[in-house]
Structures are given as structure tokens and as C-alpha cells.
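Spelled out from the first residue to the last, the chains are:
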Amino acid sequence: MNWLRETFLTPAAGFYLALAVIPPLVLLYFLRLRRKPQAISTTLLWQQAIEDLRANAPFQRLRKSILLFLQLLALILLAIAIMQPQLRSSAQKGGKRVIMIDNSASMTATDGKDASGKVSGEVTRLEEAKQHARDLIEDIYRGGIFSSQAGETMVVSFSEQAEILQRFTDSKSQLLAAIDRIEPTHGETSLHEALKLARAYTANKLSPTGEFVPNTEDPPGIELYTDGRIKNLDQEVSRETIHFVPIGSTSVDNVGISAISVDRPFDRPTSVAVFAGLVNFNSEEIACDIQLSVNGTARGIQETKVPGATINPSTNELVPGRANVVFVPFEQPQDAVIEVANLRKDILLADNVVHTVIPAPKQLSVGLVSQDFKTSLVARALEGMALRSLVPMSPADFDARVAQGTTDAFDVVVFDNCKAATLPAGRYLTFGPTPPVPGLTEYGEADGQVVLNTKDESPAMRFVSMDSVFVAHMHSVQAGDQVEVLAEGSTGPLILSVSTGSIHCIHVTFDPLDSNWVYQRSFLIFIMNSVETLGRAGEPLTEQGYKCGDAFTARIPANATNVSIQSPDGKNNPVSVTESGQAVWGPIPISGLYTMTWNTPDSGAKSSRTFAVNLVSMTEGRVDVAPELKLGNETVTGDATAAHHYVSLWPWAIALCVALLMVEWWIYHRKLYL
């Protein structure tokens, strides 16, 4: 049975004692000649008796003897007592304990030990931890003469969040069922909430009168099953006795994807460029095949070598090796699910795949305010762009739209050498006169300007060369603190960027016709950059990403029905919807793709929305088990053996030995005098 496990403190001493005394005892019984007393009537028979004595051999066949059996048994018990045997029992008498099992992402690593104690590559750390906890429950509540009285036990699982699976109870069946209900997650490991929950349930106790009163007893003991990769552990302070059982191996074999980024090139908005970051926790360099897939179809594979991890000599911390993967841009005019996967198999699969959801490229609606559209070179440049609509307006038309409150129909409004009386909230590209924007103050005009420098890192100035641009006439503008100068002239700024929160504006302080810029290719590139930058300002290129432990939130029709989320494991989970149409579901357990679906009664159509959840954690990616935990100033060393109370058996062995000796003494004297 599982609980029949003994140990000997001094086995060698008992063995040598048995070796020293048992053989001589048996030898005495071999050498001893048993003679039957014989009454004789004459000494003539002594000669025959002496001859019989000489005829006896020094050794004879060992005969059955109850005395020999009792003496041997007594010596064996004495030797066993000297070995100091101990029987593993349950916890110390009374008291409470909390079983805490880590079910974070790193606990899904497949280097757990099976029932035979071997690493097969198929057992996860969580499964091993649950088996340890089951064995402990069996030991605590097994009963028997040598078991001490066990108190109550609580079961808690923890990762990003903690969950109580079973409150304090002494029911073995309930505790085992709670352990079986623990499911893996891909969250990070945090011990704070688990400790807080345990303390909340032990700070008070139920009095005999049925009231909760402060608990003045000792805090419960904590059985902690984890690999030790816990964030913010140095901020924890333990008031409990923690027995840390390390789960996992000290070896490291993990190369994970630490980041994914998607971009649409400014000159090709229907194209997509994908970037991925890799981290290697192994000490040696690792070659990996990284695969890019779009909507489940592989688009390409790149072989990448990731440098090995190093040790920071100042902090003695592991620094993983890093590498980046850049995939060739490809056409994707529609929305899509992008997947980047590391095809190399290691012990942690959760960080080998990442996803992101990208919407279809947005086509912009642009309004052009100008006095003369026929001669406007700005209008010709805008007509060459792939816009959803280009609406020409006069300054009076724009002012009328401002009065009507319809200017928000445009993603960007361009002013070609004219200005409006007021600018409502919006995004603007202006040429010539200074627009009425806070931070821009016009104080005169200037002639004969050349470009001294440009801010090439700005999205509006990418690939815009103004080295040979000459400006014949410009408006002199003083820039405020919130204004960014994108191009500086010989006597003042030529191009400025203003962002006041409600207004985003890129302003060119001169009419393009008053310069030679209109004859250069960079003029068209600047207009394209500026319109794209302004039109997509604040627009996410990818759908909102989530991490495990978060909650999904999405706005759907208020009258939507049959709202559910399908998780990566194929389960359909019902979703609660507020009266305002806000759908909420969580916490998110594992990484992967989630699809929310709902029915709209008005149209009868079924709608859906896809979310991506990724594990990009440096803490969980490092999978070597921590040998000790540092909680504030306290260090808890890992102990792979279970914490048990041991009952000494040697006093029982000595007592039984004394009893056998008394029986042997009684039998000997009984035979002697009978």
C-alpha cells in the first residue's frame, strides 16, 4: 500500500550487531550435546558411558528448539531497534495545511516524472505535481494505529490568478476530486493572490456559538508544488511554514517566440510585413525552422540560428540569447490570421506558436479645401492615391460643414494654400497660411529659404529628400512646446507636426507653387506619407491582443443572442452580455485563437470575431526548476521529499524483545525443573 513506507536511521549498526551475535548463538546449539540423565546401579557401566561420550561427534544435527527460536527472534528485534526504524505517518497532530499547486504555463513542460519516477517526455509537470498532492492526501487521511490525528486541508491552484478548488475539509474524497479538477493554464506564475486567499480563510474561525472570531492559532502549513519560476517573489513575505516541492528538471531545452509585430508598408498598404523575436534559454546555439502561416496556410519557412544563453556575472542571472526573423512582405488586401510557429520541438510547446489578427487595410476618405482645383498640384497628387473618396470643397463649404458638424465624415482634410476660421476635432494637412491650431503662432513672412535638416524618423518624412528644395516665400511661424519640427529652414521651420489630443495637423509653412519642391518626386511621397499617417493615427494595425488571465470585452448588438466563445481546445463557452451590448468573458485560460459568435435577430445573420492570445513571457519561458525560493529575506530550499510526520518503531521493538526474553526465561526454567 502507498502508506507502508519505513526508513531506518542507523541500519548499519543493527546489521553489524546481528552479524556479531546471531551466528555464535546458532553455533552453540550445534555444539551442545544433549544427554539424558541415566540412573545406574553399578560403576561397571561407567566404562561404557565414557566410550559413548567419545563416540559423540563435536557437531550434531540442529534439532527443533523453541528456546532457540525465541532467542533468535529477540536478537533480531534488538538489532532492528538499534537500526531505529521509523514509519511515515500523516501530518503532525491537528493543525491545518494548504496544498498549493502551480498550474501556470511553465508547468505544461513535458519533463514531468511518471509513476515509476522516470522522465518519459509525455508527462507534464502539472500532472506530476497533482500526483504528489494525491499521495500526500492518501498519507494524511489513511488512518491506522501509527497515524496521528490529521487536521483540515484546503486545495488552491494558482497562476496569473488563484482559485480555491476546495475549502478546508477533512474529506479525502473531496480533496482528491479537487486536485483532479485542476486544469493547465498559460498564465504567468504569481504567488501573491494564492497566499492572500489562504490567509483570508485562516484569519478567522467559526466559534462554538456560530460566530466568526479572530484565529489565534498557528498559521497553516503550506505544501507548495511548483517549478519555482514565480514573478515578484522578492516582494512576498511569508508568515506560514512553507514546504517547497520542486517540480521539473534542472536542464533547459526551450526556444520560444517572445514577440510578433505586423506592419503595412506606407507605399503598399495592401501588403503585410511580419517580424518575430526569438529567445533561447539553452546554453548552446540552436537552429530553428520558423514558419509563417496566413489563415492556416503556410507561406514560408526560415531557418534561424539563435545564440545560446549567458550568465550575467554581476547578478548571476540567466540572459537568454535573442534573434529576430523578418519575413518578406506579401499581399494581403483582406483581414487575416497571422501565425508564426517554431517547428523545433522542445519541452515547452506553449511559447512555440503566436498569432495576431489583422483587419483589412482601411481606405481613406479625404476632403480637399482649395480656391482653384484646376491648377492645384496637391489635388493631382491626391487623385493618384487609392482613396475611398476625394471630396473637393471651397473654404466656405468647409465652414458650412463645420457649422453642420459633418466634418467627421473625412479621415483627413487637406488645405491647399487657404485656411478656415476654425478647425474642429480632426486630422489635417495644411499648406501655406497658418491654421488656427494651438501651438502655431505666425509672426511674419520670409523669402529665400533652403532646407537645413529634416527629421527622417518621422513617418511623414520617410524617403522624403529635401536637400535641393528652395522656398521662395514662406510664412514665419513660432512653434510651441507641443509642436514637432519635421523640416527646418534657414530662418525658421518649414514643416511642423502638431498634436493637441483632438487635433492632429501636419503644416507646411509655404505654398508648394512658391518652391521647386513640386517638381521633385519627394513632394508626392510627402503627401502620401502625411495622408496615410494622419488617416491611420490611432488606428490599430492588428486586433487587440490578450494575455492569459485577462477578460475578453467586445461591443456587439444589444439584442444579440446565442453569444458564445470557442476556445482553442474546441469548447464552447457561454458569454454574458450587458444591456448596453458589452460582451464579457474570462479569465482567459490558455493561449491560441478564440472565436466569439452571435446571432442578430433583426437580420438573422450569424456574426463572429476572432481574438488572439499569446504567451510571450520571459519568466515562463525559462523552464529550469529553481532550487530555492526567496520570499523577501527568507529563503525556502526545495525538498523533493514529502513533508511527513514519522513515528519511531524502535521502542516497540525493544518492548517486544524484552517480552520474548521473559517468555524464553519461563520456558527454560519450566523444562529445567520438570
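Counting from 1, residues in each chain are numbered in the order their sequence is written. Only residues with pLDDT of at least 70 get local features here, since the model is predicted, and only at 80 or more are side-chain atom pairs given and counted; chain-wide, interface and lining totals rely on the full set of residues. Note that the side-chain values use all heavy atoms of the structure and ignore hydrogens as well as water.

K.L.:
Provide a residue-level description of the overall build of the protein, including the pertinent values.
P.N.:
Each helix corresponds to a stretch of at least 4 residues labelled H or I by DSSP, and each strand to a stretch of at least 2 residues labelled E; elements are numbered beginning at the N terminus. Secondary structure summary: the protein contains 11 helices and 39 strands in total. The cut-offs for exposure are 20% and 50% of the maximum accessible area for each residue type, with area from a 1.4 Å probe on protein chains only; residues under the lower value are buried, those over the upper are exposed, and the others partly exposed. By the burial criterion, 44% of the 674 residues in the protein qualify as buried. We call two residues contacting when some pair of their heavy atoms lies within 4.5 Å. Counting contacts in the protein only where the partners sit at least 6 residues apart, residues at least 24 apart contribute 68% of the total. A total accessible area of about 34,800 Å² is found for the protein, and carbon and sulfur atoms account for 54% of it. Areas reported as accessible are Shrake-Rupley estimates using a 1.4 Å probe. Residue values count occlusion only from the protein chains shown.

K.L.:
Please give an account of the sheet that holds strand E19 (residues 353-358) that cites residues and values.
P.N.:
Spatial ordering of the open sheet is given by E13-E12-E18-E19, a layout of four strands whose pairing is antiparallel. Each of the sheet's edge strands pairs with one partner strand only, and the pair in question is strand E13 (297-306) and E19. Each strand of the sheet is rotated relative to its neighbour by a mean of 15°, with strand direction disregarded. DSSP calls a pair of strands paired once it identifies at least 2 bridges connecting them. To get an axis, a line is fitted to the C-alpha atoms, and for a helix only the part in contact is used. The angle between two axes follows their N-to-C directions and goes from 0 to 180 degrees.

K.L.:
Explain the environment of Asn 254 residue by residue, including any values.
P.N.:
Among the secondary structure elements, Asn 254 is positioned in the loop between strand E9 (241-246) and strand E10 (255-263). In this structure Asn 254 touches Val 279, Asn 280, Phe 281, Asn 282, Asp 346, Leu 348, Asp 351, Asn 352, Gly 621 and Val 623, once residues within four positions along its chain are discounted. Polar contact is defined as a pair of N or O atoms within 3.5 Å, subject to the rule that within protein one atom must be able to donate a hydrogen and the other to accept it, and that residues adjacent in sequence are counted only when both atoms are side-chain atoms. Among the polar contacts listed, one links the side chain of Asn 254 to the side chain of Asp 351, at a separation of 3.0 Å.

K.L.:
Give me the lowdown on the pattern of salt bridges, citing residues and values where you can.
P.N.:
Think of a salt bridge as a Lys or Arg side-chain nitrogen and an Asp or Glu carboxyl oxygen that are within 4 Å of each other. Tallying each qualifying case throughout the model produces 15 salt bridges. Put simply, Asp 180 and Arg 134 hold a salt bridge, and the shortest N to O gap is 2.9 Å. Here Asp 180, found in helix H5 (residues 172-180), pairs with Arg 134, found in helix H4 (residues 125-140); they are 46 residues apart in sequence, far enough to count as distant. Given a relative accessible area of 23%, Arg 134 falls into the partly exposed group. Linking Arg 622 and Asp 624 is a salt bridge whose minimum nitrogen-to-oxygen distance equals 3.0 Å. Ionic contacts of the salt-bridge type, sharing partners, join the residues Arg 229, Glu 317, Arg 622 and Asp 624 into one network.

K.L.:
So, the packing of H4 against H5: which residues are in play, and what are the values?
P.N.:
Helix-helix packing: each pair is described by the crossing angle between the helix axes and the interaxial distance. Contact geometry for H4 and H5: axes closest at 10 Å, N-to-C directions at 175°. Comparing the axis directions of H4 and H5 gives the class roughly antiparallel. Counted together, Lys 130, Ala 133, Arg 134, Ile 137 and Glu 138 of H4 and Lys 172, Leu 175, Leu 176, Ile 179 and Asp 180 of H5 form the full contact between these two elements. Any residue that is not Ala, Val, Leu, Ile, Met, Phe, Trp, Tyr, Cys, Pro, Asp, Glu, Lys or Arg is counted as polar, Gly included; the first ten are nonpolar and the last four charged. Here the contact of H4 with H5 is built from residues that sort into five nonpolar, no polar and five charged. We call two directions roughly parallel when the angle between them is under 35 degrees, roughly antiparallel when it is over 145, roughly perpendicular when it lies between 65 and 115, and oblique otherwise.

K.L.:
Can you break down the side chain of Glu 128 residue by residue, with the values?
P.N.:
Along the chain, the position of Glu 128 falls in helix H4. Salt bridges are absent for the buried Glu 128, whose nearest opposite-charge side chain, Lys 113, sits at 5.1 Å. Once residues lying within four places of it in the same chain are set aside, the contact partners of Glu 128 are Gly 112, Lys 113, Val 123, Ile 247 and Gly 248. The positive count covers Lys and Arg only, the negative count covers Asp and Glu only, and His and the chain ends enter neither.

K.L.:
I'd like to hear about helix H9 (residues 521-535), residue by residue, with values.
P.N.:
For H9, spanning 15 residues, the distance from its first C-alpha to its last is 22 Å, which sits close to the expected 21 Å at 1.5 Å a residue. Counting buried residues in H9 gives 11 out of 15 residues, a clear majority hidden from the surface. All buried positions along H9 are accounted for by Ser 522, Phe 523, Ile 525, Phe 526, Ile 527, Asn 529, Ser 530, Val 531, Glu 532, Leu 534 and Gly 535. If you follow the buried residues of H9, they end up packed against strand E20 (365-370), helix H7 (377-383), strand E22 (412-416), strand E23 (426-431), strand E27 (493-499) and strand E28 (503-508). Multiplying 1.5 Å by the residue count of a helix minus one yields the expected span of that helix.

K.L.:
Can you break down the nonpolar core residue by residue, with the values?
P.N.:
Counting 37 residues, the largest nonpolar core has Ile 495, Trp 517 and Phe 526 as its most contacted members. Of the residues forming this core, the biggest block, six residues, is contributed by H9. In contact with Ile 495, not counting residues within four places along its chain, are Met 461, Met 466, Glu 484, Val 485, Leu 486, Ala 487, Ile 506, His 507, Val 508, Trp 517 and Phe 526. The term nonpolar core refers to a set of buried residues drawn from Ala, Val, Leu, Ile, Met, Phe, Trp, Tyr and Cys, joined through side-chain atoms within 4.5 Å. Counting 22 residues, the second largest nonpolar core, distinct from the first, contains Val 274, Phe 330, Ala 336 and Ile 338.

K.L.:
Give me the lowdown on the side chain of Gln 520, citing residues and values where you can.
P.N.:
With respect to the secondary-structure elements, Gln 520 resides in the loop between E28 and H9. At 3.1 Å, the side chain of Gln 520 and the side chain of Ser 468 are in polar contact. Once residues lying within four places of it in the same chain are set aside, the contact partners of Gln 520 are Ser 465, Ser 468 and Val 469.

K.L.:
How would you sum up the environment of Glu 122? Please name residues and give values.
P.N.:
Within the secondary structure layout, Glu 122 lies in the loop between strand E3 (97-102) and H4. C-alpha of Glu 122 to C-alpha of Ile 347: the two residues are 225 residues apart in sequence and 9.5 Å apart in space. Residues in contact with Glu 122, not counting those within four places in the same chain, are Thr 110 and Glu 127.

K.L.:
I'd like a description of the sheet that holds strand E5 (residues 162-169), backed by residues and values.
P.N.:
Overall, mixed pairing links the five strands, which are arranged E5-E4-E3-E8-E9 in an open sheet. Two strands bound the open sheet, and with one partner strand each, they are E5 and E9. Averaged over all pairs of adjacent strands, the angle between strand axes in this sheet comes to 15°, irrespective of strand direction. The pairing of strand E8 (residues 221-226) with E9 spans six bridges and is parallel.

K.L.:
With reference to specific residues and values, describe the packing of aromatic side chains.
P.N.:
Planes of paired rings set the category: under 30 degrees apart is stacked, over 60 is edge-to-face and the rest tilted, where pairs are Phe, Tyr or Trp rings (Trp by its six-membered ring) whose centres lie within 6.5 Å. One pass over the structure, following the stated rule, counts 14 aromatic pairs. Ring centres of Phe 552 and Phe 611 lie 4.7 Å apart, and the angle between their planes is 35°; on these two criteria the pair is classed as tilted. Of this pair, Phe 552 sits in strand E30 (residues 552-555) while Phe 611 sits in strand E36 (residues 606-613), and the two are 59 residues apart along the sequence. Accessibility expressed as a relative area gives 3% for Phe 611, which makes it buried. Here, a charge over a ring means that NZ of Lys or CZ of Arg falls within 6 Å of the ring centre while also lying within 35 degrees of the ring normal. Over the ring of Phe 168 we find Lys 96; its NZ or CZ atom is 4.7 Å from the centre of that ring.

K.L.:
Outline unusual backbone geometry, listing residues and values.
P.N.:
Note: most peptide bonds trans; most residues except glycine with negative phi. Here Gly 586 and Pro 587 are connected by a cis peptide whose omega angle stands at -5°. The residue Pro 587 is located in the loop between strand E34 (582-585) and strand E35 (592-599) in this model. Positive phi, close to 55°, is recorded for Asn 417, a residue that is not glycine. On the basis of relative accessibility, which here comes to 34%, the residue Asn 417 falls in the partly exposed class.

K.L.:
Can you break down a nonpolar patch on the surface residue by residue, with the values?
P.N.:
Every patch collects residues that have over 30% relative accessible area and no salt bridge, joining them within 9 Å if they carry like charges and within 5 Å if they are nonpolar side chains (Val, Leu, Ile, Met, Phe, Trp, Tyr). Side chains of Val 450, Leu 452 and Phe 470 sit close together on the surface and give an oily, nonpolar patch of about 270 Å² of accessible area. Within the element layout of this structure, Phe 470 appears in strand E25 (residues 470-479).

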